[in-house]
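One-letter residues, chain by chain:
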Amino acid sequence: MNILIASSEVAPFSKTGGLADVSGALPGALRQLGHQPVVFTPLYRQVRQSGAVLEPTDVTFEIPIGSKVMIGHLLKGTIPGSDAPVYFVDQPEYFDRAQLYQEEGQDYKDNCERFVFFSRAIMEAIRLLDLPVDVIHCNDWQTGLIPALLRIEYQHARGYEDIVTLMTIHNMAYQGHFWHWDMLLTGLDWKYFNWKQMEFWGNLNLMKTGLVFADAINTVSPRYAQEIQSDLGCGLEGVLRQRSASLFGIINGVDYSLWDPAIDPHLAANYSVDNWTEGKATCKAAIQREFGLPAEPNTPLIGLVGRLADQKGWDLVADVMQRWVNRENVQWVILGTGEPRYHQMLEGLARQRPDRVGVRLGFSDPLARQIEAGADMFLMPSRYEPCGLNQLYSLKYGTVPVVRETGGLADSIRDASPENLSNGTANGFSFQGYDADQLEVTLQRACDTYNTRRDTWRNLVDTGMKQDWSWENSARQYVSVYQQMQRQREVAREAAETTH
Ligand code: ADP
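Residue numbers here run from 1 along each chain, matching the order of that chain's written sequence. The model is predicted, so local features are restricted to residues of pLDDT at least 70 and side-chain atom pairs to those at 80 or more, both for listing and for counting; the totals for chains, interfaces and linings are taken over all residues. Side-chain numbers come from the whole structure's heavy atoms, not from hydrogens or water.

## What about the domain arrangement of the protein chain?
Partitioning the protein chain into structural domains gives domain 1 (2-253 + 472-499) and domain 2 (276-469). Those domain boundaries reflect an automatic or database domain assignment. Computed over C-alpha atoms, the centres of domain 1 and domain 2 are 33 Å apart. Of the residues lining the interface, 18 residues belong to domain 1; the matching set on domain 2 comes to 17 residues. Taken together, the two surfaces of domain 1 and domain 2 that pack against each other cover about 1,500 Å², and 59% of this comes from carbon and sulfur. A pair is scored as a salt bridge if a Lys or Arg side-chain nitrogen falls within 4 Å of a carboxyl oxygen belonging to Asp or Glu. Counting across the interface, domain 1 meets domain 2 through 0 salt bridges. Mapped onto the side of domain 1 that touches domain 2, the elements with two or more residues apiece are α1 (18-32) and α8 (222-227). Element by element, the count of residues in the side of domain 1 that touches domain 2 is highest for α8, at 4 residues. By residue class, the composition of the side of domain 1 that touches domain 2 is 7 nonpolar, 7 polar and 4 charged. Contacts: residue pairs with any heavy atoms within 4.5 Å of one another. Summed over both partners, buried area is the accessible surface (1.4 Å probe) that two parts give up on being assembled. Secondary structure follows DSSP: runs of H or I at least 4 residues long count as helices, runs of E at least 2 residues long count as strands, and numbering of each begins at the N terminus. Classification used: nonpolar for Ala, Val, Leu, Ile, Met, Phe, Trp, Tyr, Cys and Pro, charged for Asp, Glu, Lys and Arg, polar for all others including Gly.

Here's what the structure looks like:
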């Protein structure tokens, strides 16, 4: 099957979060299953800085955006580790910027325009490259216009007749909401600006557009697929419930060729399930040094890596850190970037207790890996979590996840309850309520287990490290959804032909 993956970020070329890891890894897994994926993504400044090898193509597009016409080009590369081609949409006015979507907490004002351009460029590239495409796999609001463009403008054009679209939701809270006049940028008729299609309470909503026009929808864990149809739908729960027959939950996988402590080149020591005790001890000492914390091999070290956004539960973390900051028997290492108020809070805690709290405000892939390897436990008390990749990386790196039971965290982490311990499924610690007391009790339980029940701790680490969260299984599920969409399209076409 020929699958076009449209994504606003792709590791290792550009990344702000899990979406990049998914669109960097899924193509390789699809190729392993015998399919032909191609990826489309913007040519950001980050892509050039990543050292990607970029081949020119002779494709130039002229895209109407409102009353102007914007010119763009296509460059070609390859996803490392697979032969999957990746096409970069080059338009320096839109994409040659310091960041991907925002600077200093402020979204770029022309985000709608930028991603309308990107979506239209992809639709044109299919024709200009004469690309065989069976499925367009769209990801998040940045590509939400594509299913509408296909249905409304392209479906009857040669080469587009049989294309079906899948809309994957990586995070329901980011919907691409823009004021109504941005409808003009899409180039689509105002008749589509109604509450059943592209409008959401008077605004243009590109996520909703994708959900309404796509042939099928999925999100990145079964639990989150349920949650977004009720309390985590961010206003679109009704739309999702209406489409529940075509809504799937497929958990993300891990690319173990990139995330494996046995081969990770950024670690002070490589290790596997057979020799992690020594390997992790070396990595722990290294990360303590890196963050200026005293070398304390037996003090539980709590690691956190992630966007400093409300979603990730930083208010709970702040609360428990305040309560615990004067405790001598715990250390924290934190890497993140995001909302300024959390920057200030973390900097304050690190100043207060530099021997207990190590903080780095920024984005660093090597450091993220060193924390995954060097910490004893990895904290993810998320308010909501569509899938979460860090807990899956933590399992592989022998770092015990402490999580709130939501979304993909609930689907992947089994609490160290007596029952789960005795049947061998326990791989972490979890709690239910979004509440600092519950987090504190759970962290305490984890620290107590680490300090006093070393055999249990070793079992938790072993269980996590042995689990297989590779992409193969998830990629098979994607293929089955692609095929299901094609069958449904076929049935619909036959039905239409018999009625004519
Ligand atoms: P989300 O996509 O919601 O941000 P995920 O857990 O799905 O969360 O994925 C986050 C990915 O981004 C992980 O690979 C994580 O290591 C990485 N990441 C997040 N923040 C940072 C940072 N400050 N430095 C390095 N990597 C980061």
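Now that the structure has been shown, the text picks up again.
## Notes on the pattern of salt bridges
Inspection of the entire model under this criterion finds 29 salt bridges. For the salt bridge of glutamate 328 with arginine 356, the shortest nitrogen-to-oxygen distance reads 3.9 Å. A residue pair is termed long-range when its members are at least 10 positions apart, and glutamate 328 in the loop between α11 (314-324) and β16 (331-338) and arginine 356 in the loop between α12 (340-352) and β17 (357-361) qualify at 28 residues. One salt bridge in this structure joins glutamate 339 and arginine 341, with 3.0 Å as the shortest N-O distance. Within this structure, Glu296, Glu328, Arg353, Asp355 and Arg356 form a network of salt bridges that share partners.

## As for the nonpolar core
Core analysis: the biggest nonpolar cluster contains 169 residues, and Leu4, Phe40, Leu211, Trp332, Leu443 and Tyr482 have the highest contact counts within it. For this core, the element with the most residues is helix α4 (residues 111-129), which contributes 10 residues. Among the domains, domain 1 (2-253 + 472-499) and domain 2 (276-469) are the pair contributing at least three residues each to this core. Aside from chain neighbours lying at most four places away, what touches leucine 443 is Ile302, Val320, Trp324, Trp332, Met377, Leu379 and Val402. We call a set of buried residues a nonpolar core when its members are Ala, Val, Leu, Ile, Met, Phe, Trp, Tyr or Cys and they connect through side-chain atoms within 4.5 Å of each other. The rule is simple: take the accessible area with a 1.4 Å probe, protein chains only, and divide by the maximum for that residue type; under 20% is buried, over 50% is exposed, in between is partly exposed.

## Side note on the site of the ligand
Neighbouring the ligand are 20 residues; Lys15, Gly18, Arg307, Lys312 and Gly362 lie closest to it. Polar contacts, as counted here, are pairs of nitrogen or oxygen atoms within 3.5 Å of one another; within protein the pair requires one atom able to donate a hydrogen and one able to accept it, and residues that are adjacent in sequence qualify only if both atoms are side-chain atoms. At a separation of 2.8 Å, an oxygen atom of the ligand approaches a polar side-chain atom of arginine 307. One nitrogen or oxygen atom from the main chain of leucine 389 is found 3.0 Å from an oxygen atom belonging to the ligand. Contact with the protein chains hides 94% of the accessible area of the ligand, taken as 570 Å² for the molecule alone. Elements supplying a minimum of two residues to the shell around the ligand: α1, β15 (301-308), β16 and α14 (390-396). For the shell around the ligand, the element with the highest residue contribution is β15, accounting for 3 residues. In the shell around the ligand, the residues fall into 6 nonpolar, 9 polar and 5 charged. The residue makeup of the shell around the ligand includes at least three contributed by each of domain 1 (2-253 + 472-499) and domain 2 (276-469). Distances are taken per atom, and a residue is near a molecule or strand as soon as one of its heavy atoms is within 4 Å of it. Per-residue and other accessible areas were derived by the Shrake-Rupley procedure at a 1.4 Å probe size, with only the shown protein chains allowed to occlude residues.

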